[in-house]
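Coordinate analysis (summary)
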Amino acid sequence: MPASATAVSIHPFRESGRALNGAEMMHANPYRPWPARITSITELTATETLFEFRFIDDCIREAFHHEPGQFVELSLFGVGEAPISISSSPTKEGFIELCVRRAGRFTERLHQMQCGEIVGIRGPFGRGFPLEAMRGHDVLLVAGGLGIAPLRSLINNIHDERSDFGKVTIIYGSRNPSEVMFRHQFEMWRHRKDFDLYLTVDHADDSWDGEVGLVTRPFANLQIDADNTFGALCGPPVMYRFVVEEMRKKHISYDRIYMSFERHMKCGVGKCGHCQIGHQYCCIDGPVFNYWEAKNIQESM
Ligand SMILES: Cc1cc2nc3c(=O)[nH]c(=O)nc-3n(C[C@H](O)[C@H](O)[C@H](O)COP(=O)(O)OP(=O)(O)OC[C@H]3O[C@@H](n4cnc5c(N)ncnc54)[C@H](O)[C@@H]3O)c2cc1C
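Given the structure is predicted, the values throughout are model-derived calculations rather than measurements.

Here we look at the pattern of salt bridges
- Summed over all chains, the structure comprises 17 salt bridges.
- A salt bridge links E117 to R109; the nearest nitrogen and oxygen atoms lie 3.9 Å apart.
- Since its relative accessible area comes to 30%, R109 is described here as partly exposed.
- For R190, the salt bridge goes to E187, with nearest N and O atoms at 3.4 Å.
- Taking the relative accessible area as the measure of exposure, R190 reaches 33% and is therefore partly exposed.
- Exposure remark for E187: the relative accessible area of 29% places this residue in the partly exposed category.

Focus: the packing of aromatic side chains
- Counted according to the given criterion, the structure contains 10 aromatic pairs.
- Summarising the aromatic geometry, the rings of F71 and F125 are spaced 5.9 Å apart at their centres and angled 55 degrees between planes, so their arrangement reads as tilted. Remark: F125 occurs in strand β6 (residues 118-125) and F71 occurs in strand β3 (residues 71-76); sequence separation between them is 54 residues. For the residue pair F71 and F125, the accessibility class agrees, reading buried in each case.
- Ring geometry for Y254 versus W292: centroids 5.2 Å apart, planes at 80 degrees, classification edge-to-face. Remark: W292 occurs in helix α9 (residues 291-295) and Y254 occurs in the loop between α7 (237-249) and β12 (257-260); sequence separation between them is 38 residues.
- By relative accessible area, Y254 is classed as partly exposed at 23%.
- Judged by relative accessible area, which is 41%, W292 ranks as partly exposed.
- Each residue in the set Y240, F261 and F289 is aromatic and connected to the rest through ring pairs, giving one cluster.
- Here R241 stacks its cationic end above the ring of F242, 4.9 Å away from the centre of that ring.

Digging into the side chain of Q185
- Along the chain, Q185 turns up in helix α6 (residues 183-189).
- Owing to a relative accessible area of 15%, Q185 belongs among the buried residues under this scheme.
- Residues in contact with Q185, not counting those within four places in the same chain, are R152 and N156.

Things to note about the confidence of the model for the chain
- Confidence in the prediction for the chain averages 89 pLDDT; 92% of positions are at 70 or higher.
- pLDDT under 50 marks residues 1-8. Its contacts with residues more than four places away, or in other chains, come to five contacts.

Brief notes about the UniProt feature "domain: FAD-binding FR-type" (unreviewed entry) in the chain
- Sequence positions flagged by UniProt for "domain: FAD-binding FR-type" (unreviewed entry) are, in local numbering, residues 31-131.
- As annotated, residues 31-131 has a helix share of 15% and a strand share of 44%, and its two end C-alpha atoms lie 27 Å apart.

Details of the sheet that holds strand β1 (residues 34-43)
- In space, the six strands of this open sheet follow the order β4-β3-β6-β1-β2-β5, with antiparallel pairing throughout. At either end of the open sheet lies a strand with only one pairing partner, and these are β4 (80-85) and β5 (96-101). Each strand axis lies, on average, 40 degrees off the axis of its neighbour in the sheet, ignoring direction.
- Bridge analysis of β1 against strand β2 (residues 48-55) gives seven bridges, and the strand direction is antiparallel. Bridge pairing in β2 links R37 to R54.
- Sitting on the sheet, helix α3 (residues 105-112) touches β2, β3, β4 and β5, and the angle it makes with β3 is about 75 degrees.

Calculation criteria
- Residues numbered from 1 in each chain as written.
- Predicted model: local features only at pLDDT ≥ 70, side-chain atom pairs only at ≥ 80, totals over all residues.
- Heavy atoms only, no water.
- Salt bridge = Lys/Arg side-chain N within 4 Å of Asp/Glu carboxyl O.
- Buried < 20%, exposed > 50% of the residue type's maximum accessible area, 1.4 Å probe, protein only.
- Phe/Tyr/Trp six-rings, centres within 6.5 Å; stacked < 30°, edge-to-face > 60°.
- Helix = DSSP H or I, 4+ residues; strand = E, 2+ residues; numbered from the N terminus.
- Lys NZ or Arg CZ within 6 Å of the ring centre and 35° of its normal.
- Contact = heavy atoms within 4.5 Å.
- pLDDT = per-residue confidence, 0-100.
- UniProt positions renumbered as here; feature names shortened; annotations may be inferred.
- Pairing = 2+ DSSP bridges.
- Axes fitted to C-alpha atoms, helices over the stretch in contact; angles between N-to-C directions.

What follows is the structure, given as structure tokens:
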């Protein structure tokens, strides 16, 4: 073993004496969280915040690649670990963004943290949206509430490689105007001709001049090329059945409808069984499933 490989080195070595590269290091032990620094904090709503993280180790930072829809296990030292979807696009390298809702002990502690503080991150894990299959096709993206967190990764990826995709339609529904996340980004896109954007709220107030109604409401006006369209959705469980129904009314093939699920999970790598649904593990077989797979997931549709 080379003299530089001490017990505290974070760069493990192969038996051959060659240092592992970043990707090998991450795969060598999927349970090992890698230190990352909080580099930006943006409050989105009263309960949701966007955190930007950068891995401290250069090799890990360069080796980290994800697919839209994948998640990481985020650990706060002395508090615990939680699965969180990656909200930034894979086209943006060197950092990842996580959009986190304050829900309980773990997320509350995260919301108290400051820029510069260190967390642990392992991953990315799971199966994301089929980005490569979507290229060359129209895409209809439907998000409800916090469902925008994983879908934003896909939306921003499509934005950055816009010419690879056909018509792009985004429907994003929130309960009320104060819960709309990434409002500035969507306000900018509202004026672009290459995105059809529908923002809806269940209950409007004086600040809202957009659509009012459930996330299914804009479907009435949609012109869909059914043979050429992929559907992607993420939101509260109650939304799935109704959105899928609308997609089917537009004759989008079930084979091309993909949805992301959240299940309580621990290990993230298909070992502990916490997220097992029937014969599937949400952490490795999902969290993104196509319609046929999702149909077998209890209580999902
Ligand atoms: C694949 C995956 C991706 C996720 N992505 C995000 C994300 O991008 N942003 C985000 O804010 N949260 C996300 N979550 C949920 C997040 O993991 C939980 O909110 C977090 O673990 C709650 O921890 P806590 O200690 O703060 O709250 P707890 O006290 O543990 O729980 C508070 C409340 O949240 C509910 N809850 C806890 N865990 C989950 C869960 N896994 N799914 C649904 N509800 C849960 C509890 O039932 C309880 O009602 C994701 C979960 C999964 C499985």
